[in-house]
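Tertiary structure, described
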Amino acid sequence: MTRSLLVSLLALGAGASGSPGPPPPADVVELRLPAGSVTPHLAAGAGGRTILTWLEPVSAERHALRFAVREAAGRWSAPGTIRESDRFFVNWADFPSLAETAQGHWVAHWLEKTAAKPYAYHVMVSVSTDRGASWGEPFPAHRDRSDTEHGFVSMSPRPGGGVDLVWLDGRRMGDPVPGPMGVRTTTLDPSARLGEEIELDDRTCECCQTAVVRTSRGLVVAYRDRSPTEIRDIAVVRQLGDRWSAPAIPAPDRWEHRACPVNGPALAADGDRVALAWYTGVGDRPKVYLIRSANAGATFGRRLAIDAGQPLGRVHLAALADGAVAVVWLEALGGAEAEWRVSRVDARNRVTETRTLARVSRARLAGFPRISTVGNELLVAYTGTGDDAGVRVVRTGFTR
């Protein structure tokens, strides 16, 4: 059995009765992509469809942004190509994504270098109206054209078609006196026209992922804030009709950190129920926390520690049935190794099961995982390392 098929199972809890319950289902590696493939992303589509995107080298200087589709029956399509370029900004933590809109269009984003400077790149968007058979001419998702950083994009399909986009925007970082990174949002309508651009926060962490979910009351956005005294806690803003709330810190860590930790938050939503997970290193005691809201992010309950004591963060979230959520993160082992682990947390905020999905390097080349629900199971996409290098997709389930 290879390392990617590994799967040491940790059953933490056996149900309210204390009985052992049914054995956990086996994890299955459904897809193995070539060595060199990196930065996986999973998007839920209509009819139980799941769309995987990733970057793959085609030469020493050139990459292809590819996709594959998993239909409801569980079979993966042959890979297709969204774009091939020598201008991609390829980064372990800031990666392309795709969203399927309400009218069945696919919206893909990637980062494209605009100058020879190390961190000068724009967010580019392209739309397919035929499920990836062809793609429209790419265009920037933002109106700023400065040679500065624009990235860490999150997208959410809009009920009437198109998507909402959220990204970190560094236009002020190129000023004569460099300013801070900010976070902005805009809309892309069903005709692929950009809407108004709104700044949600004018001072944020420079390179932590953003997250966005849609509740029955509007969007909720999470990101890592940056105070003037270098406190880098997780902030939330909410869409309130035609306006946005002021940033709020729902669970202050008071983590003073003089550099970006490259560790953004994750959100999941089901109606008005919202879950928020994040990593903190405050007091040199790293933790992965989860908090829940029952009112679309207006208030949150108590925090729950998810990790096993040595987390490296890199969290992602998915909503499950009956108010439960799944949390995935990277847990350090001895030496250079780590494990991708996933926990089920029930509606009462109890960890009912934890599973180990794969052993990887703790270094940057392991990237970030992405998870998506498929019926009562999860798909987990991650980048394998060492002898098992390349993007992998694992299907896993929980006993309850």
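Keep in mind that what you see is a predicted model, and the values were worked out from it rather than measured. (Residues numbered from 1 in each chain as written. Predicted model: local features only at pLDDT ≥ 70, side-chain atom pairs only at ≥ 80, totals over all residues. Heavy atoms only, no water.)

With respect to the overall build of the chain
Of the regular secondary structure elements, the chain holds 0 helices and 29 strands. Computed over C-alpha atoms, the radius of gyration of the chain comes to 20 Å, within 12% of the 21 Å expected from 2.2 N^0.38 for 400 residues, which places it in the range of a compact globule. For the chain, the spread of C-alpha atoms along the three principal axes comes to 65 × 45 × 45 Å. In the chain, which comprises 400 residues, the proportion classed as buried is 57%. Each charge class in the chain can be summarised by its mean position, and for the 48 positive and 44 negative side chains these summaries are 4 Å apart. (Helix = DSSP H or I, 4+ residues; strand = E, 2+ residues; numbered from the N terminus. Rg over C-alpha atoms; globule rule 2.2 N^0.38 Å. Buried < 20%, exposed > 50% of the residue type's maximum accessible area, 1.4 Å probe, protein only. Lys, Arg positive; Asp, Glu negative; His and termini not counted. Charge placed at Lys NZ, Arg CZ, Asp CG, Glu CD.)

Describing the layout of surface pockets
Roughly 1,100 Å³ of internal volume is contained in the largest pocket. Taken together, 41 residues make up the lining of the largest pocket; nearest its centre are Leu 42, Met 155, Val 212, Val 213 and His 316. Listed by contribution, the elements that provide at least two residues to the lining of the largest pocket are strand E3 (38-44), strand E7 (97-100), strand E11 (150-157), strand E15 (211-215), strand E19 (266-270), strand E23 (311-319) and strand E27 (370-374). Across the lining of the largest pocket, the residue classes tally to 25 nonpolar, 11 polar and 5 charged. (1 Å grid on protein atoms, 1.4 Å probe; cavity = no way out; pocket = protein on both sides within 12 Å on 5 of 7 lines; lining within 4 Å. Points joined across faces, edges and corners; volume = space filled by probe spheres on them. Nonpolar A, V, L, I, M, F, W, Y, C, P; charged D, E, K, R; others polar.)

Some details on the sheet that holds strand E20 (residues 273-280)
Spatially, 4 strands are ordered E19-E20-E21-E22 in an open sheet, and the strand pairing comes out antiparallel. At either margin of the open sheet sits one strand with a lone partner, and together these are E19 and strand E22 (304-305). (Pairing = 2+ DSSP bridges.)

Some details on the sheet that holds strand E28 (residues 377-384)
Taken in spatial order, the 4 strands line up as E2-E29-E28-E27 in an open sheet, and their pairing is antiparallel. Among the strands making up the open sheet, the edge pair consists of strand E2 (28-32) and E27. Between one strand and the next, the sheet's axes are offset by a mean angle of 25°, whatever the strand orientation. As judged from the 4 bridges shared by E2 and strand E29 (residues 390-397), these two strands associate in the antiparallel manner. By the bridge assignment for E29, Leu 31 is matched with Val 393. (Axes fitted to C-alpha atoms, helices over the stretch in contact; angles between N-to-C directions.)

Considering empty space enclosed by the protein
Applying the stated rule across the entire model yields 2 cavities of 30 Å³ or more. Of the pockets and cavities examined, the largest cavity occupies roughly 50 Å³. Lining the largest cavity we find Thr 101, Gln 103, His 105, Val 107, Val 127, Gly 162, Leu 188, Asp 189, Pro 190 and Ala 192.

Digging into the side chain of His 41
Mapped onto the elements, His 41 comes out in strand E3. Among all residues touching His 41, those that are not within four sequence positions of it are Ile 51, Leu 52, Thr 53, Pro 96, Ser 97, Leu 98 and Arg 370. (Contact = heavy atoms within 4.5 Å.)

Notes on the packing of aromatic side chains
Tallied over the entire structure, the rule returns 8 aromatic pairs. Between Phe 67 and Trp 106 the ring centres are 5.5 Å apart and the planes differ by 80°, which places this aromatic pair in the edge-to-face class. Remark: Trp 106 occurs in strand E8 (residues 106-113) and Phe 67 occurs in strand E5 (residues 63-70); sequence separation between them is 39 residues. The exposure class of Phe 67 is buried, given its relative accessible area of 7%. Assessed through its relative accessible area of 1%, Trp 106 is described here as buried. Centroid distance Phe 95 to Phe 368: 6.4 Å. Interplanar angle 40°. Geometry classified as tilted. Of the two residues, Phe 95 sits in the loop between strand E6 (80-85) and E7 while Phe 368 sits in the loop between strand E26 (351-361) and E27, which places them 273 residues apart along the sequence. On the accessibility criterion, Phe 95 (8% relative accessible area) is buried. Here the basic side chain of Arg 303 rests over the ring of Tyr 289, its NZ or CZ set 4.6 Å away from the ring centre. Over the face of the ring belonging to Phe 368 we find Arg 314, whose NZ or CZ atom lies 5.9 Å from the ring centre. (Phe/Tyr/Trp six-rings, centres within 6.5 Å; stacked < 30°, edge-to-face > 60°. Lys NZ or Arg CZ within 6 Å of the ring centre and 35° of its normal.)

Topic: the confidence of the model for the chain
Of the residues in the chain, 94% have a pLDDT of 70 or more, and the chain-wide mean is 93. Segment residues 1-18 is flagged for pLDDT under 50; beyond a separation of four residues in sequence, or across chains, it makes 38 contacts in the model. (pLDDT = per-residue confidence, 0-100.)

A look at the pattern of salt bridges
Going through the model one piece at a time under the given rule, you end up with 33 salt bridges. The salt bridge partner of Arg 87 is Glu 112, with a shortest N-O separation of 3.8 Å. Of the two residues, Arg 87 is situated in the loop between E6 and E7 and Glu 112 in strand E8; the sequence distance between them amounts to 25 residues. Among the charged side chains, a salt-bridge network with shared partners connects Asp 169, Arg 171, Arg 172, Arg 184, Glu 197 and Glu 199. (Salt bridge = Lys/Arg side-chain N within 4 Å of Asp/Glu carboxyl O.)

A few points about the nonpolar core
Among the nonpolar cores identified, the biggest contains 22 residues, and Ala 326, Trp 340, Val 342 and Leu 378 are the most heavily contacted of them. When residues of this core are traced back to their parent elements, those giving at least two are E23, strand E24 (325-332), strand E25 (337-345), E26 and E28. At 4 residues, the largest contribution of residues to this core is made by E24. Apart from residues lying up to four places away in sequence, Ala 326 is in contact with His 316, Leu 317, Ala 318, Leu 320, Val 342, Ser 343, Ile 371, Leu 378 and Phe 398. Counting 21 residues, the second largest nonpolar core, distinct from the first, contains Ala 93, Phe 152, Val 212 and Tyr 223. (Core = buried A, V, L, I, M, F, W, Y, C linked by side-chain atoms within 4.5 Å.)

Structural notes on the environment of Val 380
Mapped onto the elements, Val 380 comes out in strand E28. Separated by 126 residues in the primary sequence, Val 380 and Arg 254 have C-alpha atoms spaced 31 Å apart. Leaving out residues up to four positions away in the same chain, Val 380 has contacts with Leu 42, Leu 357, Arg 370, Ile 371, Arg 392, Val 393, Val 394 and Thr 396.

Some points on unusual backbone geometry
The backbone phi angle of Arg 131 is positive, close to 55°, even though this residue is not glycine. Within the secondary structure, Arg 131 is located in the loop between strand E9 (121-128) and strand E10 (139-140). One non-glycine residue, Val 262, adopts positive backbone phi at about 50°. Along the chain, Val 262 falls in the loop between strand E18 (243-244) and E19.

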